[in-house]
Amino acid sequence: AETVLETIQPKIIGITGSYGKTTTKNFLRDILNARFKTYATPKSYNTLMGVTLAINNDLTNDYSIEYFISEMGAYVEGEIERICQLTPPDISIVTEVGPQHLERFGSLENVATAKYEIIANLPPHGLGVFNWDNPYVRGMYERGYPDNRIAVSKVISIEEAKKNGVRFVATDISETLDGLSFAVTDTVTDESEFFTTAVAGEHNVMNLLLTTAVAVHEGMPLRDIAYRVRTLQAAESRLVSNTSANGITIINDAYSANPVGVLSSLKV
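Cut-offs and rules
- Residues numbered from 1 in each chain as written.
- Predicted model: local features only at pLDDT ≥ 70, side-chain atom pairs only at ≥ 80, totals over all residues.
- Heavy atoms only, no water.
- Helix = DSSP H or I, 4+ residues; strand = E, 2+ residues; numbered from the N terminus.
- Buried < 20%, exposed > 50% of the residue type's maximum accessible area, 1.4 Å probe, protein only.
- Pairing = 2+ DSSP bridges.
- Axes fitted to C-alpha atoms, helices over the stretch in contact; angles between N-to-C directions.
- Contact = heavy atoms within 4.5 Å.
- Phe/Tyr/Trp six-rings, centres within 6.5 Å; stacked < 30°, edge-to-face > 60°.
- Lys NZ or Arg CZ within 6 Å of the ring centre and 35° of its normal.
- Parallel < 35°, antiparallel > 145°, perpendicular 65-115°, else oblique.
- Left-handed = near helix turned anticlockwise from the far one by under 90°.
- Polar contact = N/O pair within 3.5 Å; in protein donor to acceptor, adjacent residues only side chain to side chain.
- Expected span 1.5 Å × (residues − 1).
- Arc of directions from axis to C-beta.

Peer 1: Got a sec to walk through the environment of asparagine 61? Specific residues and values, please.
Peer 2: Position of asparagine 61 among the secondary structure elements: in the loop between helix H3 (48-59) and strand S3 (67-71). On the basis of relative accessible area, asparagine 61 is assigned to the exposed category, the value being 60%. A C-alpha to C-alpha distance of 7.6 Å links asparagine 61 and valine 4, two positions 57 residues apart in sequence.

Peer 1: Please provide a residue-by-residue account of the pairing of strand S11 (residues 249-252), values included.
Peer 2: With four bridges joining them, strand S10 (residues 240-243) and S11 adopt antiparallel strand pairing. Residue pairing for S11: valine 240 is matched across the bridge by asparagine 252. With antiparallel pairing between neighbouring strands as the criterion, S10 and S11 make up a hairpin whose turn holds five residues, including glycine 247 at a positive phi of roughly 85°.

Peer 1: Could you give me a rundown of the sheet that holds S3, with the residues and numbers involved?
Peer 2: A sheet is described by the order of its strands in space; here nine strands give the open sequence S2-S3-S1-S4-S5-S6-S7-S8-S9, paired in mixed fashion. Looking at strand neighbours, the two that pair on one side only are strand S2 (38-40) and strand S9 (191-197), the edges of this open sheet. Across this sheet, the average inter-strand angle for adjacent strands is 20°, counted without regard to direction. Pairing of strand S7 (residues 168-176) with strand S8 (residues 179-186) involves seven bridges; the strand directions are antiparallel. Directly across from threonine 171, in S8, lies its bridge partner alanine 183. Packing of H3 onto the sheet brings it into contact with S2 and S3, and relative to S3 it is tilted by some 150°.

Peer 1: I'd like a description of the packing of aromatic side chains, backed by residues and values.
Peer 2: Tallying each qualifying case throughout the model produces five aromatic pairs. For the pair phenylalanine 130 and tyrosine 141, a centre-to-centre distance of 5.6 Å together with 80° between the ring planes defines the contact as edge-to-face. Highlighted residues: phenylalanine 130 in strand S5 (residues 127-131) and tyrosine 141 in helix H8 (residues 135-142), separated in sequence by 11 residues. For the pair formed by phenylalanine 130 and tyrosine 141, the shared burial category is buried. The interplanar angle of 85° and the centroid separation of 5.8 Å between the aromatic rings of tryptophan 132 and tyrosine 141 together place this pair among those described as edge-to-face. For the residue pair tryptophan 132 and tyrosine 141, the accessibility class agrees, reading buried in each case. The rings of Phe130, Trp132 and Tyr141 are connected pair by pair, giving a single aromatic cluster. Looking at arginine 104, its charged tip hangs above the ring of tyrosine 75, at a distance of 4.3 Å from the centre.

Peer 1: Hey, could you go over the packing of helix H10 (residues 203-217) against helix H11 (residues 222-229) for me, with residue numbers and the actual values?
Peer 2: Two elements in contact, H10 and H11, have axes whose closest approach is 10 Å; the angle formed by their N-to-C orientations is 140°. Considering the angle they form, H10 stands oblique to H11. Relative to H11, H10 is oriented so that their crossing is right-handed. In contact with Leu208, Thr212, Ala215 and Val216 of H10, H11 contributes Leu222, Ile225 and Val229.

Peer 1: Which residues make up the packing of H3 against helix H4 (residues 79-86), and what values do they have?
Peer 2: Where H3 meets H4, the closest approach of the two axes is 9 Å, and the angle between their N-to-C directions is 20°. Judged on the interaxial angle alone, H4 and H3 are roughly parallel. Pair H3 / H4 crosses with right-handed handedness. Together, Leu48, Val51, Thr52 and Ile55 of H3 and Arg82, Ile83 and Leu86 of H4 make up the contact between the two elements.

Peer 1: If you had to explain the side chain of asparagine 134 to someone new, which residues and values would you point to?
Peer 2: Note that asparagine 134 resides in the loop between S5 and H8. In terms of polar contacts, asparagine 134 uses its side chain to reach the backbone amide nitrogen of tyrosine 136, at 3.0 Å. Excluding its chain neighbours within four sequence positions, the residues that come into contact with asparagine 134 are Glu96 and Val97.

Peer 1: Requested: an account of the side chain of threonine 212, with residues and values cited.
Peer 2: Its place among the elements puts threonine 212 in helix H10. Not counting residues up to four positions away in its chain, the partners in contact with threonine 212 are Phe168, Val184, Phe195, Leu222 and Ile225.

Peer 1: Break down H10 for me, with residues and values.
Peer 2: One full turn of an α-helix is made of 3.6 residues, so residues set three or four places apart face in the same direction. An ideal rise of 1.5 Å per residue puts 21 Å on 15 residues; H10 measures up with 22 Å between its terminal C-alpha atoms. Burial of H10 is extensive: 13 of the 15 residues sit out of reach of the surface. Positive backbone phi, at 105°, marks glycine 219, one or two positions downstream of H10.

Peer 1: How would you sum up H8? Please name residues and give values.
Peer 2: Within H8, the full set of buried residues consists of Val137, Met140 and Tyr141. Down the axis of H8, the buried set is contained in an arc of 100°. They therefore lie on one face. Turned more than 90 degrees away from the buried face of H8 sit Pro135 and Glu142, all of them exposed. For H8, the secondary structure elements touched by its buried residues are strand S4 (91-94), helix H6 (108-115), S5 and strand S6 (148-153). With a side-chain oxygen lying 3.0 Å from the backbone nitrogen of tyrosine 136, the N-terminal cap of H8 falls on asparagine 134. With its phi angle positive at about 90°, glycine 144 sits one or two positions after the end of H8.

Here you go:
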């Protein structure tokens, strides 16, 4: 797998977090594909063996890939660092730090230490993208590495964002039976676009902000990103809505569970 990546030499984007990894990965893949040939590890392949299988099965001899998105999960400290050695990230995203896999990590502080490995393994010229609303991820941002860092928020005002150096902010968030709508503001350029998506769950606003930060950094206009967001679909068994023949709406959120996700699902 290392040889395959060395041959193709794509730009590598790493994604980790207690939850939100797969959805953010899929959003980013679909948005970047508007301009770049992008491959993302399938489903929830986020272990060293899973990422290896994805590379060997799907990328061998495919020299067209420009971006490779590597989802990185962890049950113990050091696991993300090992995946980073296989897929060294140029860009790293940290979605959340929360009470997931606590039976192995023992504390949220240990979870945060493990997740920070994806930032520590960036080159000095790399880019880190952070969820400012999570105190543990904000702590990673405030450690000051790398020099190029983007923070995003869906809870603070544009004025607060500018004061704290947060670049992308979501405001005027609305959730209906048709999905989500919200405004995204780039506090550096003062550009703003209205995003609408059929994807349910307010937690997905954060996933879309993290995606937007990377896409803008890679040269996509905010307007083009907003256009692509309209076409996004929910990941498998993650708040997927279907209506049966006799008119019953079934919302399938059966993939996995965490406290934040369950509350968001119940709100939907």
